[in-house]
Amino acid sequence: MRVLIAEDHALLRDGLIRLLEAHDFEVVEAVDNGPRLVPALVEHRPDVAVVDVRLPPTFTDEGLKAAIEARSQVPGLPILVLSQYVEQLYARELLTGGGGGVGYLLKDRVSNVAEFLDAVRRVAAGGTAMDPDVIGQLLARNTRDEPIGRLTPRESEVLGLMAEGRSNAAIASALFVTEKAVSKHTNNIFAKLDLPPSEDDNRRVIAVLTYLSSR
């Protein structure tokens, strides 16, 4: 699997390269600034790009802007964004930036090697990998007067797991319930959020997260 890395901190960049290559990923290029990122992504068209939100020269949203620009030139380009903090605006921009695999992880998650590698593979396969802390903040933004407030505590729990990119089977396993029960909760969630149901795990996650991040 071909990976492109965008990270300005030399130690973390080198660590990501070593980690990925040790698990049979091919790092096609590792850039350390925003201006180089777009041409590198368009040139290599990697299976997935691991991108820091804040890159030189502005250290604001340079990495995200470059990733979104690259996705406009290479539709569906899988992007896994890494950030030091939960930045809700960045999460919203990522989710509304088009099709293809997307992910948003806090950098602390990289220390959990299995979790990080699973996220990289999931995004490369066209899936979604959202950090639980990001999901929590997106959910917390909504008030009782909004549709999200209609959800029961169990439905909110299912929604959080769904937004992380988990399938019904995985959610059922995590909550120790049947898949039938999860399916019922999922249908209720879509109905209460006025979203059309979908059997495609990635599409349903994108739909829900786009809804939540736009409130």
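Residues numbered from 1 in each chain as written. Predicted model: local features only at pLDDT ≥ 70, side-chain atom pairs only at ≥ 80, totals over all residues. Heavy atoms only, no water.

(A) Examining the sheet that holds strand E3 (residues 48–52) more closely. Pairing is parallel in the open sheet, where six strands are placed in the order E2-E1-E3-E4-E5-E6. Unpaired on one side and paired on the other, strand E2 (26–31) and strand E6 (128–130) mark the two borders of the sheet. On average, adjacent strands in this sheet sit at an angle of 20° to one another, irrespective of strand direction. Contacting strand E1 (2–6), E2 and E3, helix H2 (residues 34–44) runs over the sheet at an angle of about 155° to E2. (Pairing = 2+ DSSP bridges. Helix = DSSP H or I, 4+ residues; strand = E, 2+ residues; numbered from the N terminus. Axes fitted to C-alpha atoms, helices over the stretch in contact; angles between N-to-C directions. Contact = heavy atoms within 4.5 Å.)

(B) Focus on unusual backbone geometry. Looking along the chain, the bond that leaves proline 56 and enters proline 57 is cis, with omega of 10°. Positionally, proline 57 belongs in the loop between E3 and helix H3 (62–73). Of note in the backbone geometry, aspartate 24 takes a positive phi value of approximately 70° without being a glycine. Residue placement: aspartate 24 occurs in the loop between helix H1 (10–22) and E2. The phi dihedral of phenylalanine 176 is positive, around 60°, even though this residue is not glycine. By secondary structure assignment, the location of phenylalanine 176 is in the loop between helix H8 (168–175) and helix H9 (179–192).

(C) Quick look at the packing of helix H7 (residues 153–163) against H8. Running from N to C, H7 and H8 point in directions that differ by 125°, and their axes come no closer than 10 Å. Considering their axes alone, H7 and H8 lie oblique with respect to each other. Between H7 and H8 lies a crossing of right-handed hand. Judged by residue contacts, Arg154, Glu157, Val158, Leu161 and Met162 of H7 engage Ile171, Ala174 and Leu175 from H8. Looking at the contact of H7 with H8 residue by residue, the class counts come to six nonpolar, no polar and two charged. (Parallel < 35°, antiparallel > 145°, perpendicular 65-115°, else oblique. Left-handed = near helix turned anticlockwise from the far one by under 90°. Nonpolar A, V, L, I, M, F, W, Y, C, P; charged D, E, K, R; others polar.)

(D) Representation of the UniProt feature "modified residue: 4-aspartylphosphate" (unreviewed entry) in the chain. The sites that UniProt annotates as "modified residue: 4-aspartylphosphate" (unreviewed entry) are Asp52. The topology assignment puts aspartate 52 in strand E3. Taking relative accessible area as the criterion, aspartate 52 reaches 5% and is therefore assigned buried. Ignoring anything within four residues of it in the chain, the contact list for aspartate 52 reads Ala6, Glu7, Asp8, Gly63, Leu64, Leu82 and Lys107. At 3.4 Å, the side chain of aspartate 52 forms a polar contact with the backbone nitrogen of arginine 54. (UniProt positions renumbered as here; feature names shortened; annotations may be inferred. Buried < 20%, exposed > 50% of the residue type's maximum accessible area, 1.4 Å probe, protein only. Polar contact = N/O pair within 3.5 Å; in protein donor to acceptor, adjacent residues only side chain to side chain.)

(E) Summary view of H1. The terminal C-alpha atoms of H1 lie 18 Å apart, and with 13 residues this matches the ideal 18 Å at 1.5 Å per residue to within 8%. Among the structural elements, E1, E2, strand E4 (79–83) and helix H5 (113–124) are those in contact with the buried residues of H1. Backbone geometry just downstream of H1 places aspartate 24 in the positive-phi region, at approximately 70°. (Expected span 1.5 Å × (residues − 1).)

(F) Structural detail: the pairing of E2. Inspection of the sheet shows E1 paired to E2 by five bridges, in the parallel sense. Paired with valine 3 across the strands is valine 27, a residue of E2. Viewed along the sheet, the connection from E1 through H1 into E2 turns out right-handed. (Right-handed = clockwise from strand over helix to strand, strands pointing away.)

(G) Broad picture of the environment of alanine 169. Inspection of the secondary structure puts alanine 169 in helix H8. Alanine 169 gets classed as partly exposed once you look at its relative accessible area, which sits at 37%. Considered as a pair, alanine 169 and serine 183 are 14 residues apart in the sequence and their alpha carbons are 9.5 Å apart.

(H) Fine view of the packing of H2 against H3. Put simply, H2 and H3 touch, their axes get as near as 9 Å, and they point 25° apart. In terms of axis orientation, H2 runs roughly parallel to H3. By crossing handedness, the relation of H2 to H3 is classed as right-handed. For the pair H2 and H3, the contacting residues are Gly34, Pro35, Leu37, Val38, Leu41 and Val42 in the first and Glu62, Gly63, Ala66, Ala67, Glu69, Ala70 and Gln73 in the second. Per-class residue counts for the contact of H2 with H3 are eight nonpolar, three polar and two charged.

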